[in-house]
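Here is what each chain is made of, one letter per residue.
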Amino acid sequence: MRILITFILIFFSSSIYANSINVIRDAEIENFLTDISKILVKNTDLEGEKLTFYIDNKKYINALVTPDKKFFFTTELLLKSKTVDDIAGVISHEIGHIIGGHFQKRQMAMEKSSVINILSSILAVGAIASGAYNAGSALLMGGQHLSNARLLAFSRSQESLADQTAIRLLKINGFSLQGLINVFKEIQRNERLKKINPYFLTHPLSNERIKNITNNLENQRILNYPDLNHRFKLAKAKLNGFFLKEEQLQTIYPSKSNLESKYAYALNNYRVGKLKNAMTLINQCIKIDKNNPYFHELKGQMFFENGSFSSAIKSFI
């Protein structure tokens, strides 16, 4: 019975997971996320292990990690993030699930929940067969309600523990806890639009999580990560340029004077097929930072799509 339940749970979870992810690949952003994670896992059991990051093209804020240490961040989460600390906060929370062994514990909880469902179903069938239809229905519904309530409460507990691990990792490595607060405030805005029963949630309410993090804000040692901050601005520019309309870009980058604004408009022009404008802008980016491989990668892609294969090869090399 235990083996059967485990197989059903794994198969069901994998099917949902496979059908709900819309992955887009970008080496620049994936490497940026990986380098933040390497800082966060120093002196933990995960140091030196391969953590892989993917971008999930969804218009809502979410992140998840799988048992094989694959991290998925939605494009909306990346677009709404304001600082490197926001990103570090989310990564550290997901790392908290791995360090806490939450996948194994979750599977055990799901097995126990399934046992409750199965037992209540057996009892319900017996009651209905003996003519007690109302009692049988009550047993069936009661068993489902109890198992669901136990799973949701367990999930909220695991999320709170992951938050605690995130707070510890962020403080040790000099990332501001304000980043995690920023993310929860974005989620909180969505919560306010709905009438939410906290007992039907898989996560604690954001205001509770914000309150807990705020209690840990004092005596924080904040480190400056200039390289990560620079890369964050460029990663945001790439996402803004690719996913936003030109009029939206103009509110974020009113001029094309700095590197990230040029990069954003280069991506925006490239996306809508204005390759000549895009090429001019990416050349300006390369003039400012000729050692950035992602500028050359974009230029090579433009050449390739324009049929200039020899020039594309030179850019890719």
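The structure presented is a predicted model; accordingly, all values stated were derived computationally and were not measured.

Colleague: Please set out the packing of aromatic side chains residue by residue, giving values where relevant.
Modeller: In the structure shown here, the tally under the stated rule is 8 aromatic pairs. Relative to Phe73, the ring of Phe53 lies with its centre 6.0 Å away and its plane at 65°, an arrangement referred to as edge-to-face. Taken together, the residues Phe53 in strand E2 (residues 52-56) and Phe73 in strand E4 (residues 70-74) connect sequence positions 20 residues apart. In terms of burial, Phe53 and Phe73 fall into one category: buried. An angle of 70° between the planes, with centres 4.9 Å apart, marks the rings of Tyr263 and Phe295 as edge-to-face. Linking Tyr263 in helix H11 (residues 259-271) with Phe295 in helix H13 (residues 293-305), this pair joins segments that are 32 residues apart in sequence. For Tyr263, a relative accessible area of 0% translates into the label buried. A residue is classified by how much of its surface remains accessible, and Phe295, at 0% relative accessible area, is buried. Put simply, the rings of Phe53, Phe71 and Phe73 pair up and form one aromatic cluster.

Colleague: Lay out the layout of surface pockets in plain terms, naming residues and giving numbers.
Modeller: By volume, the second largest pocket amounts to about 400 Å³. If you go around the second largest pocket, you meet 16 residues; those closest to its centre are Arg25, Asp26, Lys238, Phe242 and Leu267. Put simply, the parts of the chain that give the lining of the second largest pocket at least two residues each are helix H2 (27-40), helix H9 (226-243), H11 and H13. Classifying every residue of the lining of the second largest pocket gives 11 nonpolar, 1 polar and 4 charged.

Colleague: Which residues make up the packing of H2 against H9, and what values go with them?
Modeller: Closest axis-to-axis distance for the H2/H9 pair is 10 Å, and the angle between their directions is 145°. Crossing of H2 over H9 shows left-handed handedness. For the pair H2 and H9, the contacting residues are Glu28, Ile29, Asn31, Phe32, Asp35, Ile36 and Ile39 in the first and Leu228, Arg231, Phe232, Leu234, Ala235, Lys238 and Leu239 in the second. Grouping the constituent residues of the contact of H2 with H9 by class yields 9 nonpolar, 1 polar and 4 charged.

Colleague: Pulling in residues and values, what's your account of the nonpolar core?
Modeller: Counting 43 residues, the largest nonpolar core has Leu33, Ile36, Leu40, Phe73, Ile91 and Phe175 as its most contacted members. Per-element tally for this core: the top contributor is helix H4 (residues 84-99), with 7 residues. Within the second largest apolar cluster, 24 residues are counted, among which are Ala237, Tyr265, Phe295 and Ala312.

Colleague: Account for unusual backbone geometry, naming residues and giving values.
Modeller: Phi is positive for Asn43, close to 60°, though the residue is something other than glycine. One can find Asn43 in the loop between H2 and E2. Unusually for a residue other than glycine, Lys69 sits at a positive phi of about 65°. Relative to the assigned elements, Lys69 resides in the loop between strand E3 (63-65) and E4.

Colleague: I'd like a description of empty space enclosed by the protein, backed by residues and values.
Modeller: According to the stated counting rule, one finds 2 cavities of 30 Å³ or more in the structure shown. Lining the largest cavity are Ile29, Phe32, Leu78, Ile87, Phe232, Ala235, Lys236 and Leu239. Looking at the lining of the largest cavity, the elements with two or more residues in it are H2 and H9. Here the element with the most residues in the lining of the largest cavity is H9; it accounts for 4 residues. Taken together, the residues of the lining of the largest cavity sort by class into 7 nonpolar, no polar and 1 charged.

Colleague: Before we move on, can you summarise the pattern of salt bridges with the specific residues and values?
Modeller: Across all of its chains, the model carries 12 salt bridges by this definition. Residue Lys238 pairs with Asp26 through a salt bridge whose shortest N-O separation is 2.9 Å. Of the two residues, Lys238 is situated in helix H9 and Asp26 in the loop between strand E1 (23-24) and H2; the sequence distance between them amounts to 212 residues. By relative accessible area, Asp26 is classed as buried at 16%. The shortest N-O distance in the salt bridge between Lys58 and Asp56 comes to 3.0 Å. Residue Lys58 shares its accessibility class with Asp56, and that shared class is buried.

Calculation rules
Residues numbered from 1 in each chain as written. Predicted model: local features only at pLDDT ≥ 70, side-chain atom pairs only at ≥ 80, totals over all residues. Heavy atoms only, no water. Phe/Tyr/Trp six-rings, centres within 6.5 Å; stacked < 30°, edge-to-face > 60°. Helix = DSSP H or I, 4+ residues; strand = E, 2+ residues; numbered from the N terminus. Buried < 20%, exposed > 50% of the residue type's maximum accessible area, 1.4 Å probe, protein only. 1 Å grid on protein atoms, 1.4 Å probe; cavity = no way out; pocket = protein on both sides within 12 Å on 5 of 7 lines; lining within 4 Å. Points joined across faces, edges and corners; volume = space filled by probe spheres on them. Nonpolar A, V, L, I, M, F, W, Y, C, P; charged D, E, K, R; others polar. Axes fitted to C-alpha atoms, helices over the stretch in contact; angles between N-to-C directions. Left-handed = near helix turned anticlockwise from the far one by under 90°. Contact = heavy atoms within 4.5 Å. Core = buried A, V, L, I, M, F, W, Y, C linked by side-chain atoms within 4.5 Å. Salt bridge = Lys/Arg side-chain N within 4 Å of Asp/Glu carboxyl O.

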